[in-house]
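# Fold and contact review
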Amino acid sequence: MTVQQRKERDRAARHRLILATARELAEAEGWDAVTTRRLAGRIEYSQPVLYSHFGGKDEIVSAVALEGAAELTEAVHRAVHAAVPDASGTAAVRALATAYLDWARENPAVYDAIFSMSTGLRFADEATPAPLRAAFEALDEVFARVAGSADSGTLTEVAWATLHGLVTLTRAGRLPAEYAPARLEVLVDRLVGAAG
């Protein structure tokens, strides 16, 4: 291995360590607890080293968000492909909704990063980063199949907004946890009905 290759490998390892540490700290204490000073102390590198990788906290949150979007996409794909969709597509929609809600519940800080206004990440725009596009496409793939149409974008947007609302309201304690299964069934029935 050349010196340059070793430097690149070490830089990539530091990059991953910064993101993993930021994510761990955010999941434990929230994004307000994530500061460059605190991250530098945790990873045992100086703040200038952090700034050689990221321009500041917002860039770190953005990078975590993009990693999270890729993970969410993978969780949805796995769940949908593991489901055995019935003719109406109900099983595929249920698998998608369950995977989405479960992933958001298990990764609250990363989920918040995906939708954080401070990152400047753009949705539904030419500048939308590939992981965010892929997340939308993972949802749209199901609704295009269920609707029998390639023009399923609006239904996908409404489904995503509804799922996001359920995540947000549930986490805020505004929706009783004991009714989560019933809400899921109503959501699936309405989305499949809207697609049909």
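Reading the values: the criteria
- Residues numbered from 1 in each chain as written.
- Predicted model: local features only at pLDDT ≥ 70, side-chain atom pairs only at ≥ 80, totals over all residues.
- Heavy atoms only, no water.
- UniProt positions renumbered as here; feature names shortened; annotations may be inferred.
- Helix = DSSP H or I, 4+ residues; strand = E, 2+ residues; numbered from the N terminus.
- Core = buried A, V, L, I, M, F, W, Y, C linked by side-chain atoms within 4.5 Å.
- Buried < 20%, exposed > 50% of the residue type's maximum accessible area, 1.4 Å probe, protein only.
- Contact = heavy atoms within 4.5 Å.
- Expected span 1.5 Å × (residues − 1).
- Phe/Tyr/Trp six-rings, centres within 6.5 Å; stacked < 30°, edge-to-face > 60°.
- Lys NZ or Arg CZ within 6 Å of the ring centre and 35° of its normal.
- Axes fitted to C-alpha atoms, helices over the stretch in contact; angles between N-to-C directions.
- Parallel < 35°, antiparallel > 145°, perpendicular 65-115°, else oblique.
- Salt bridge = Lys/Arg side-chain N within 4 Å of Asp/Glu carboxyl O.
- Domains from an automatic or database assignment.
- Buried area = accessible area lost by both parts, 1.4 Å probe.
- Polar contact = N/O pair within 3.5 Å; in protein donor to acceptor, adjacent residues only side chain to side chain.

### Considerations on the UniProt feature "domain: HTH tetR-type" (unreviewed entry) in the protein chain
Taken from the UniProt record, the annotation "domain: HTH tetR-type" (unreviewed entry) applies to residues 12-72. The span residues 12-72 carries 80% helix and 0% strand; its end-to-end C-alpha distance comes to 23 Å.

### Describing the nonpolar core
Residues Trp31, Val76, Val93 and Leu96 are the most contacted members of the largest nonpolar core, which totals 54 residues. Those elements that place two or more of their residues in this core are helix 1 (3-29), helix 2 (36-43), helix 4 (57-82), helix 5 (90-106), helix 6 (108-114), helix 7 (130-147), helix 8 (153-171) and helix 9 (180-195). At ten residues, helix 4 tops the list of elements feeding residues into this core. Beyond its immediate stretch of four places on either side in the chain, valine 76 contacts Leu96, Ala99, Tyr100, Ala138 and Leu139.

### Some remarks on helix 1
Spanning 27 residues, helix 1 covers 38 Å between terminal C-alpha atoms, matching the ideal 39 Å at 1.5 Å per step. All of the buried residues along helix 1 are Ile18, Leu19, Thr21, Ala22, Arg23, Leu25 and Ala26. Residues of helix 1 that are buried make contact with helix 2, helix 3 (47-53), helix 4 and helix 6. Immediately beyond the C-terminal end of helix 1, within one or two residues, lies glycine 30, with a positive phi of roughly 95 degrees.

### Notes on the packing of aromatic side chains
For the structure shown, the criterion picks out six aromatic pairs. A centroid spacing of 4.9 Å and a plane angle of 50 degrees characterise the contact between tyrosine 111 and phenylalanine 115, whose relative ring orientation is tilted. Classification of tyrosine 111 by relative accessible area gives buried; the value is 1%. Their ring planes at 5 degrees and their centres at 5.6 Å tell us that phenylalanine 115 and phenylalanine 123 sit as a pair that is stacked. Take phenylalanine 115: its relative accessible area is 24%, and that puts it in the partly exposed class. Taking relative accessible area as the criterion, phenylalanine 123 reaches 32% and is therefore assigned partly exposed. Sitting over the face of the ring of tyrosine 45, arginine 14 holds its NZ or CZ atom 5.7 Å from the ring centroid.

### A word on the UniProt feature "DNA-binding region" (unreviewed entry) in the protein chain
Per the UniProt record, "DNA-binding region" (unreviewed entry) is annotated on residues 35-54. For residues 35-54, the end-to-end C-alpha separation is 12 Å, with 75% helix and 0% strand making up the annotated structure.

### As for the packing of helix 7 against helix 8
Relative orientation of the contacting elements helix 7 and helix 8 amounts to 110 degrees, with a least axis distance of 9 Å. Relative to helix 8, the element helix 7 is oriented roughly perpendicular. Counted together, Leu132, Ala135, Phe136, Leu139, Asp140 and Phe143 of helix 7 and Gly153, Leu155, Thr156, Glu157, Ala159 and Trp160 of helix 8 form the full contact between these two elements.

### Here's the deal with the pattern of salt bridges
This model, assessed by the stated rule, comprises eleven salt bridges. The shortest N-O distance in the salt bridge between arginine 105 and glutamate 106 comes to 3.7 Å. Judged on exposure class, the residue arginine 105 and its partner glutamate 106 are both exposed.

### Digging into the domain arrangement of the protein chain
The domains assigned to the protein chain are domain 1 (1-53) and domain 2 (56-195). Just the C-alpha atoms count here: the centres of domain 1 and domain 2 sit 28 Å apart. Taken together, the contact pairs twelve residues of domain 1 with 14 residues of domain 2. Interface of domain 1 and domain 2: buried area, both sides summed, is about 1200 Å²; carbon and sulfur atoms make up 64% of it. Summed over the three residues of domain 1 that lose the most area to domain 2, namely Leu19, Arg23 and Trp31, the buried surface amounts to 57% of that side. If you look at where domain 1 meets domain 2, you find one salt bridge. With a shortest N-O distance of 2.6 Å, glutamate 71 and arginine 23 are connected by a salt bridge. For the interface between domain 1 and domain 2, the tally reads seven residue pairs in polar contact (both at pLDDT 80 or more). For the side of domain 1 that touches domain 2, the secondary-structure elements that each account for two or more residues are helix 1 and helix 2. Residue contributions to the side of domain 1 that touches domain 2 peak at six residues, all from helix 1.

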